[in-house]
Amino acid sequence: MGIIINMETIHTSSRRFRSALDSVRRHEFKSPQLGSNDYPKGASSDASLLLGIYLLNEHGIDCDYVAASDGSGSSHAWLEHEGLFIDITADQLPGMQGKVVVGEYHSVHSLFIEAGRSRISENDLSDLADDYDIVMAGMI
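Structure report, in brief. If you're wondering where the values come from, they're calculated on a predicted model, not measured in any experiment.

With that settled, the discussion passes to the overall build of the protein. When its secondary structure is counted, the protein shows four helices and five strands. Listed N to C, the secondary structure of the protein is α-α-α-β-β-β-β-β-α in terms of helices and strands. The globule rule puts the C-alpha radius of gyration for 140 residues at 14 Å, and the 14 Å found for the protein is close to it. Dimensions along the principal axes, computed over C-alpha positions, put the protein at roughly 40 × 35 × 30 Å.

Structure representation (structure tokens):
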């Protein structure tokens, strides 16, 4: 039953967070990924970390941060929680519908080979604290 409640919470919160992320003018970010004119392309790492911190702080939802590569030099990152994929920059990948995808494994993710996985913690915020504050200001 917990996964059903969390899936709804995660989906709603992730969409709200992405909307806040999108509303920030690119030049306001310190992160080169988030500040790029190509956003969301290339921003999956920092966007996923920020979302993971938000889900942990606001809802107590522990997520794993997953970094992956497709073997040709392209990389992507997403979060996982109790078997759910949480991809806040899904719209940069071919075949994905919507900006944010929360749910079961998607075949697009099979194109990537996991390069690393870690549990999201407050320590992940150190380099992104200013950007987190900017996004959180847009959540109000």
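A separate point is the pattern of salt bridges. Two side chains bearing opposite charge may form a pair once their charged atoms approach each other closely. Inspection of the entire model under this criterion finds nine salt bridges. Among the salt bridges present, the one from Asp-64 reaches Arg-119, with a minimum N-O distance of 3.0 Å. In this pair, Asp-64 sits in strand 1 (residues 64–69) while Arg-119 sits in strand 5 (residues 113–119), placing the two residues 55 residues apart along the sequence. Residue Asp-64 is classed as buried on the basis of its relative accessible area of 17%. Glu-114 is the salt-bridge partner of Arg-117, the closest N and O atoms lying 2.9 Å from each other. Judged by its relative accessible area of 38%, Arg-117 is partly exposed. Residue Glu-114 is classed as partly exposed on the basis of its relative accessible area of 43%. One continuous salt-bridge network, built from bridges that share partners, spans Asp-64, Glu-80, Glu-114, Arg-117 and Arg-119.

Moving on, we get to the environment of Tyr-65. Within the secondary structure layout, Tyr-65 lies in strand 1. On the basis of relative accessible area, Tyr-65 is assigned to the buried category, the value being 13%. Along the backbone, Tyr-65 and Gly-138 are 73 residues apart, and their C-alpha atoms lie at a distance of 23 Å. Those residues in contact with Tyr-65, other than ones at most four positions away along the chain, are Ser-45, Ser-48, Leu-49, Ala-77, Trp-78, Leu-79, Gly-116, Arg-117, Ser-118 and Ile-120. In terms of polar contacts, Tyr-65 uses its side chain to reach the side chain of Ser-45, at 2.7 Å.

Rules behind the numbers
- Residues numbered from 1 in each chain as written.
- Predicted model: local features only at pLDDT ≥ 70, side-chain atom pairs only at ≥ 80, totals over all residues.
- Heavy atoms only, no water.
- Helix = DSSP H or I, 4+ residues; strand = E, 2+ residues; numbered from the N terminus.
- Rg over C-alpha atoms; globule rule 2.2 N^0.38 Å.
- Salt bridge = Lys/Arg side-chain N within 4 Å of Asp/Glu carboxyl O.
- Buried < 20%, exposed > 50% of the residue type's maximum accessible area, 1.4 Å probe, protein only.
- Contact = heavy atoms within 4.5 Å.
- Polar contact = N/O pair within 3.5 Å; in protein donor to acceptor, adjacent residues only side chain to side chain.

Just geometry here; none of it tells us what the structure is for.
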